[in-house]
Amino acid sequence: MTGMAQALVFGLSQIASVTAFGLMLLGIAIGFLVGILPGLGGPTTLALMLPFVVKMNPVEAFCFLLGMTAVVNTTGDITSILIGVPGEPTAAATVVDGHPMAKKGEAGRALGAVLMSSLVGAIFGALALASAIPVVRPLVLTFGSPEFFMLAVLGITFVASLSGQDFMRGLISGGLGLLLATVGLDPMSGIQRYTFSQTFLWDGIGLVPITLGFFAIPEVVDLAVQRSTIAGGRVEKLGGVMDGVKDTFRHWWMVIRCSAIGAYAAVIPGIGGATTQWLAYAHAVQSSRDRERFGKGAVEGVLGPGAANNSTLGGSLITTIAFGIPASITMAILLGAFLIHGVVPGPDMLIPEPQGHLGLTFSFVWITVISNIITVGLCFLFLKQLIRVTQIRGSLLLPLIIMLIFLGAFAEKNTFEDLVLVLMFGGLGWILQRLNWPRPPLILGLVLGPLAESRLFLSTDNYGAAWLARPGVLAIGVLTLVGGFYPLLQRWQARRRQIGQPSVPNAASTNGAEPSQLNWGILFTLLILAGLVWALWESRRFNFRAGLFPWAIGFPVLGFVITQCLMELTGKVSNAGGDVAVEGSDLSRNVVNRRTAGIFAWIAGYFVAIWLFGFSTGVTLCTFALLKIGADEKWPLSLILTATTWAFTYGFFGRLLHIPFPDGHVSLWLNLPSFF
Amino acid sequence: MHKTLVSIAAVLVGVTSFPGIALGAAPFFEGKVIRIIVGLPAGGGYDAYARLIARHMPKHIPGNPTIIVENMTGAGSLISANHLFRVAKPDGLTIGHFIGNLFFNQLMKQQGVEFDAQKFEFIGASAKEEAVFAFSKKSGITSLEKWMASKTPVKMAGQAPGAAPDNAIRIAKTALGLPIQLVSGYKGTSEQRLAVESGEVAGTSYAWASMRATWRKSLESGDVVAVLQAVPKPFADLPKVPLAMSLARTEEARLLIDVGLHKSGEFSRPFALPPGTPQERVQVLVKAFQDTLRDKEFLEEADKARLDIDLVTGEELKKAVAGLFSLEPVVVAKLQEVLFR
């Protein structure tokens, strides 16, 4: 034990040099920017920085790299809350409740909450790393594919709790997410599933285009329809930020539980921040008494993911350090840095110096904690300025947000076709939002699908049916049943209490009386049914290996959809969505419809312009058109913002970062040099 | 006056277009930006090689251009290979780096291939993909004899049909008749290693260059043992481990090992240019690539990053690929049956 304590102190002493600390600050500064900007992801940036690392000593290298990695999730959350576009793929869950808070004029509170919970999460993750060090190897080695599969199933049952009131729709949405995860080459036999002969779909549908489409595009539409600011003229309550900080302590145990979810789920290879944030979000919903508030600006929905996406780093480091198994791309790059410095991950990382590298391991704990404290401190200093974003008028923000959406969608894989996906899922997301279908379950299904499928297959391939009897499987199975049935039980009890009372019309059904609304809702459910039937019909040519998972998911979901259709047709449930008019505004339906059509036309216009003229030119032209023609802004302002857009896309992303934007088709037709 | 100008111009034209003189190419690359398009994500092995080469190669190219690395990921680098063939301009400024095993996909007419491997201009390869079969000590398979004597099929971790580990394991099973149950579906070598260490499978197979770096501790301690190597000559650090070829009993087995394991190892990590790139630019890059891979500073840095360097010249690469496409249809059919069935 004294060896441990010594190593802990030794770890701290190692980073206490001027160079090491300076490099950590530099890393933090870079990570800060990377986190805030959608389209500039942690992994890519790490790869770019790796060459500089070669010349540093191990501790310096990790001060730099970990400092950078540790802060991207925190600053990514800021973008998610303020403009509704996830700053990082790992900060998408924060949008769901964080952005509605900003729209309610509570941006300060949301930011205070997310920063404080991020700090708690990061420290928890670091402590988890420190305390897991002695026990982690035997623990993880007892886990095989069957247990990993069961953990994925456990995660999927969280879907039930994500659906809030509308249980059936939540199940359907989650099931559709799992089915969407099967798009691409099937991992076991290489057969194409639902790829429409498009090579870009071979790797499946990326999480980033779906999240941007589902959450950011509907926000853009709202902003354009309202023609106001994000905060809609509502003024921040005094002391909002401190209120958010206090929220973290009000919901202390939930924040700790979400941190634990982040840290311990991330120990599993293949699970990173993109997944843990949603698991934590689901848990936040699950553990709340008042699920109705979620999606509309519940602070718990911000605290959970905020804590989890930060504690994930500590968890991923556990697997990387103890086994040399990188749990994510970021970890793979860190592993590369280990090897550059001749540090081989494995048991040695847990033995005190000079035989091992325990001191180095503990220095990671310190770096994570210290860099997060610095970041959160910095953010608090600038919060007032940051919050002002929500008070800028929408017409100025729109071009910026649309550009960030397209940039973020493109830069994940540098694939033009992902822009098409953003458009498609943007349209779908908007419809889901209007018709009150829950969107988070679909995303959770999408992120857990591949893990569940490959581990299910590996279990069967390896053990036949015998894996079902493994003790670990049984234990997690029981946990899953309890977790899955508990919400059902709660609902049943709640309904029993309501019996005898006059039925209280819920928010949706008050607006849903109109026949036109009724038709749209049912029509959409029927559309889902048709899509599902088509997907199952397509799957008839899959072999057993490729078909197992789609069938196992598809047929139950088909049952749910049919039930849902029947319930809607017979009027057992409300099928109507929220009113078309935007909440809290008194615009007439005509105006709303016209503006909605208008903004969709603009978004499509961006796409066409990018296709014709290439990314930076297309976006620049559209920015100008949207400012001058769309919003009738003054010339100087329009020109300045247009020039900034150009400098940002062409200069920063194109020239400096070498994001490989494709050439526009016009320049291909005219055979111009590769310039745009 | 006029005549003098004309004659000066004529001399200039003559000099710069004279074949064999570097002047013709030097001004071309000067001030230019060469892009290496890596078909796999940032942070992986292919990416690491490309970035290392991008840092050191400019000084070996006349005109010292800038070299940058871009990642165009998807479909196991097939998207980038198609892009290099169909879209990239053949001006010597775009270099592709993708998984060479894709050439098998073309040969066996798998879906999605939109390139013709033999029309690429090859610059060279920086490493060979040479498989080693390794098992955990606790599996009991600590030597080839014990492996051959195993009564039950020995579980080995693979990734997916067509992936290098699966190819190696399938060929070993068919050509050498070793008792193997391939458990395929692990995502990457790190998951394969975890499966071996946790005892879910007995062993696995992937490139030794990567294995000896990432699994060093377990190999040194003897917890993991290399049992078989699929190379023409033993690795210097594995002098006593038997060669796959030495176990082959039939002509067919020898052919499968030669084509499926040895030859494919040579073209598994190619650097290539789009078809139709001007020959003098190709030659400049081929030479610069060789010079880079022999550069002392480069080798030091590669050593530090634990990236094995094993030069395959542009010429050798071209030959290996041509060899693949001159195989008898019967052999191709057999390979297809073994690898993709």
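The numbering scheme is per chain: residues are counted from 1 as the chain's sequence reads. The order in which chains are written sets their letters, starting at A; the order in which ligands are written sets their numbers, starting at 1. Given that this is a predicted model, residues contribute local features only at a pLDDT of at least 70 and side-chain atom pairs are listed and counted only at 80 or more, while totals for whole chains, interfaces and linings are drawn from all residues. The basis for every side-chain value is the complete set of non-hydrogen atoms in the structure, without hydrogens or water.

Peer 1: Provide a residue-level description of the overall build of chain A, including the pertinent values.
Peer 2: Put simply, DSSP H or I for four residues or longer makes a helix, DSSP E for two residues or longer makes a strand, and each gets a number counted from the N terminus. Within chain A, the secondary structure is distributed over 27 helices and two strands. With 676 residues in all, chain A has 59% of them scored as buried. Throughout, a residue-residue contact means that at least one pair of heavy atoms, one from each residue, lies within 4.5 Å. Considering only intrachain contacts with a sequence separation of at least 6, the fraction spanning at least 24 residues in chain A is 79%. Calculation of accessible area relied on Shrake-Rupley with a 1.4 Å probe; when residues are assessed, cover is drawn exclusively from the protein chains displayed. A total of about 26100 Å² of accessible surface is found on chain A, and carbon and sulfur atoms cover 70% of it. Relative accessible area decides the class of each residue, using a 1.4 Å probe on protein chains only: under 20% of the type maximum gives buried, over 50% gives exposed, and in between gives partly exposed.

Peer 1: Can you explain helix α4 (residues 58–83) of chain A? Please cite residues and give values.
Peer 2: Here a helix's expected span is defined as the number of its residues, less one, multiplied by 1.5 Å. The first and last C-alpha atoms of α4(A) sit 38 Å apart over 26 residues, in line with the 38 Å expected at 1.5 Å per residue. One or two steps after α4(A), the chain reaches A:Gly84, where phi turns positive at roughly 80°.

Peer 1: Outline the nonpolar core, supporting the account with residue identities and numerical values.
Peer 2: Ranked by size, the top nonpolar core spans 210 residues in total, and within it B:Phe103, B:Phe133 and B:Trp147 carry the most contacts. Among the elements that make up this core, the one with the highest residue count is helix α10 (residues 207–226) of chain A (13 residues). Not counting chain neighbours up to four residues away, the residues in contact with B:Phe133 comprise B:Trp147, B:Met156, B:Ala168, B:Ile169, B:Ala172, B:Thr204, B:Ser205, B:Val225, B:Ala226, B:Val227, B:Leu228 and B:Ala230. Of all hydrophobic cores here, the second largest spans 49 residues; its members include A:Cys63, A:Val71, A:Val140 and A:Ile321. Among the buried residues, those of types Ala, Val, Leu, Ile, Met, Phe, Trp, Tyr and Cys that are joined through side-chain atoms within 4.5 Å form a nonpolar core.

Peer 1: If you had to explain the interface of chain B and chain A to someone new, which residues and values would you point to?
Peer 2: Contacts between chain B and chain A engage 47 residues on the former and 48 residues on the latter. The salt bridge criterion pairs a side-chain nitrogen of Lys or Arg with a carboxyl oxygen of Asp or Glu, the two atoms within 4 Å. The tally of links between chain B and chain A comes to one salt bridge. Whenever two N or O atoms come within 3.5 Å, that pair is a polar contact, provided that in protein one can donate a hydrogen and the other can accept it, and provided that, for residues adjacent in sequence, both atoms are side-chain atoms. Scanning the region where chain B abuts chain A turns up five residue pairs in polar contact (both at pLDDT 80 or more). Sorting the residues of the side of chain B that touches chain A by element identifies α3 (45–56), β2 (66–71), α4 (78–86), β7 (180–184), α8 (189–197), α9 (208–214), α10 (216–221) and α13 (296–304) of chain B as the ones contributing at least two each.

Peer 1: Give a detailed account of the pattern of salt bridges, specifying residues and quantitative values.
Peer 2: Counted according to the given criterion, the structure contains 32 salt bridges over all chains. Where A:Glu538 meets A:Arg541, a salt bridge forms, and the shortest distance between an N and an O atom there is 3.9 Å. Judged by relative accessible area, which is 48%, A:Arg541 ranks as partly exposed. As a salt-bridge pair, B:Arg269 and B:Glu129 come within 3.1 Å of each other at their nearest N and O atoms. Here B:Arg269 is found in the loop between α11 (251–266) and β10 (270–273), whereas its partner B:Glu129 is found in the loop between β4 (121–125) and β5 (131–136), with 140 residues between them in sequence. As far as burial versus exposure is concerned, B:Arg269 and B:Glu129 are alike and both buried.

Peer 1: Requested: an account of the packing of aromatic side chains, with residues and values cited.
Peer 2: Paired rings are identified among Phe, Tyr and Trp, the last through its six-membered ring, by centres lying within 6.5 Å, and are further divided according to the angle between planes into stacked (under 30 degrees), edge-to-face (over 60) and tilted (the rest). Summed over the entire model, instances satisfying the criterion amount to 40 aromatic pairs over all chains. Between A:Trp611 and A:Trp669 the ring centres are 6.0 Å apart and the planes differ by 75°, which places this aromatic pair in the edge-to-face class. Of the two residues, A:Trp611 is situated in helix α24 (residues 589–613) and A:Trp669 in helix α27 (residues 665–669); the sequence distance between them amounts to 58 residues. Through successive ring pairs, a cluster of aromatic residues spans B:Phe85, B:Phe98, B:Phe103, B:Phe104, B:Phe115, B:Phe120, B:Phe122 and B:Phe267.

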